[in-house]
Amino acid sequence: MERRARQCAEYILKTGATVRDCAKHFNISKSTVHKDVTERLKEIDLLLWGEVRQVLQKNLAERHIRGGDATRRKYSARKVSKK
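Residues numbered from 1 in each chain as written. Predicted model: local features only at pLDDT ≥ 70, side-chain atom pairs only at ≥ 80, totals over all residues. Heavy atoms only, no water.

(A) Just helix α2 (residues 19-26), in detail. Along α2, the positions that sit buried rather than exposed are V19, C22 and A23. What you see down the axis of α2 is that its buried residues fit within an arc of 100°, all on one side. When the buried face of α2 is taken as reference, the exposed residues oriented beyond 90 degrees from it are R20 and K24. With its phi angle positive at about 60°, N27 sits one or two positions after the end of α2. (Buried < 20%, exposed > 50% of the residue type's maximum accessible area, 1.4 Å probe, protein only. Helix = DSSP H or I, 4+ residues; strand = E, 2+ residues; numbered from the N terminus. Arc of directions from axis to C-beta.)

Pasting the structure below:
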């Protein structure tokens, strides 16, 4: 579990990935990734946890923007296919 938590944390730091992206990359559930990088990592490596926490906070703050972009692309694709 410790190794997995470190791997997820390093991947998130290196790529700026979301929890969902990290879960997809390592083929594990997003709940597992979230628990690894928010709870387990804090006990393993406090410095690494702090760095990952900043990336996760940034992702959380930008979440509404990514959601809006996805919706825009979805409906743009529908318009193109109807023509």
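(B) Looking closely at the environment of Y75. Position of Y75 among the secondary structure elements: in helix α4 (residues 46-82). On the accessibility criterion, Y75 (44% relative accessible area) is partly exposed. Considering only alpha carbons, one finds Y75 and A61, 14 residues apart in sequence, at a separation of 24 Å.

(C) Broad picture of the side chain of T18. Assignment of secondary structure puts T18 in the loop between α1 (2-15) and α2. Take T18: its relative accessible area is 17%, and that puts it in the buried class. Aside from chain neighbours lying at most four places away, what touches T18 is N59 and R66. (Contact = heavy atoms within 4.5 Å.)

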